[in-house]
Each structure stands twice: as structure tokens, then as C-alpha cells.
Amino acid sequence: MGPVMALVFGIGVGLFVLAFIWVLCLLLCIVLSRAEGAASYGGIGAILLAIILTVTLVFFPREPATPDASDIKIYDYFGIGRTALVSICGIFLLIGLVLVVLFHVFEPIYAKPLKKLKTL
């Protein structure tokens, strides 16, 4: 079995690096937007640098995008129980929505009687 790629919530480290680069670039653009003189062009330089780094990291990855298919074995022992639990939750959600509609939305609003005016 070969080396396993490090994942966080199913997302590789490279995507986090790209997100960090772009957040840093946007913050630099915001900071340099109020600058005067030659420093005001630093935001454009930061965007160009981020584009170059993004293209480089996307087109020259260090690892393959997916691991070898022969190494992956998925065992889902709780699939039926999970499906049943989601189905039961969905049924109770529908029952709750029907009850909300019946007792809250369709609740009748009765008119209040007006006070009688005394005439002389």
C-alpha cells in the first residue's frame, strides 16, 4: 500500500494552500487600496502573483488527484441503520410540517365585534 494523501474533510492540503494564498491576496488588496503612490499598485501585483501560484499549483501537482483504486476498500457496516434513521427523521419532519400548517397557518382568525355607538 502506497502513501496516503492527507485529507481534511475530504479536501487535500493543496486546496487549503490555495485558499490561504487568495485570502492573503485579498487582504493585501484591501490594505493597499488606500495607499498613495507606487504602493497602490501592490494589489495588482498581489493578484498577479496569486494567479501565477494558482496556475502553477493546479497544473503541477505533487501527488495524483485520486489514490490507486486497488488500494481502496470501503466497508459500510452501518448503511442500513443510517438509511433507516434518515427515513424516520424525514417522516417526522413531514408530520411536523403538516401539524404546523394545520394548527398555525390554517388557524381561523375571528372578527372582533365592534362596540355599539350610542345615538341620542
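Residues numbered from 1 in each chain as written. Predicted model: local features only at pLDDT ≥ 70, side-chain atom pairs only at ≥ 80, totals over all residues. Heavy atoms only, no water.

Peer 1: What's the story with a nonpolar patch on the surface in this structure? I'm lost.
Peer 2: On the surface, Ile88, Ile91, Phe92, Ile95, Val98, Leu99, Val100, Val101, Leu102, Phe103, Val105 and Phe106 cluster together to form a nonpolar patch covering roughly 1,200 Å² of accessible area. As for its placement among the helices and strands, Ile88 is situated in helix H3 (residues 79–105). (Patch = residues over 30% accessible without salt bridge, like charges linked within 9 Å, V, L, I, M, F, W, Y side chains within 5 Å. Areas by Shrake-Rupley, 256 points an atom, 1.4 Å probe, with all protein chains shown as cover. Salt bridge = Lys/Arg side-chain N within 4 Å of Asp/Glu carboxyl O. Helix = DSSP H or I, 4+ residues; strand = E, 2+ residues; numbered from the N terminus.)

Peer 1: Just to check I follow, could you spell out helix H2 (residues 42–59) for this structure?
Peer 2: Helical periodicity: at 3.6 residues per turn, an α-helix aligns residues three or four positions apart in one direction. In this model, H2 (18 residues) spans 26 Å end to end at C-alpha, consistent with the 26 Å of a helix rising 1.5 Å per residue. Along its buried surface, H2 packs onto helix H1 (13–32). (Expected span 1.5 Å × (residues − 1). Contact = heavy atoms within 4.5 Å.)

Peer 1: Is there a simple way to think about the nonpolar core in this case?
Peer 2: Across soluble globular proteins, nonpolar side chains show a tendency to be buried alongside one another. The biggest cluster of nonpolar side chains holds five residues, and these are Ile21, Cys25, Cys29, Ala46 and Ala50. Looking at this core, the elements that each hand over two or more residues are H1 and H2. Ranked by the residues each element gives to this core, the list is headed by H1, at three residues. Once you skip the residues sitting within four places of it in the chain, Ala46 turns out to touch Cys25 and Leu28. (Core = buried A, V, L, I, M, F, W, Y, C linked by side-chain atoms within 4.5 Å. Buried < 20%, exposed > 50% of the residue type's maximum accessible area, 1.4 Å probe, protein only.)

Peer 1: Please explain the environment of Gly43 as it appears in this structure.
Peer 2: Structurally, the position occupied by Gly43 is in helix H2. Put simply, Gly43 and Leu27 are 16 residues apart on the chain and 9.1 Å apart in space, counted from C-alpha to C-alpha. Once residues lying within four places of it in the same chain are set aside, the contact partners of Gly43 are Cys29 and Leu32.

Peer 1: Teacher, can you tell me more about the pattern of salt bridges here?
Peer 2: If charged atoms from side chains of opposite charge come close, those side chains can pair. Summed over all chains, the structure comprises one salt bridge. A salt bridge links Asp76 to Arg82, with the nearest nitrogen and oxygen atoms 3.2 Å apart.

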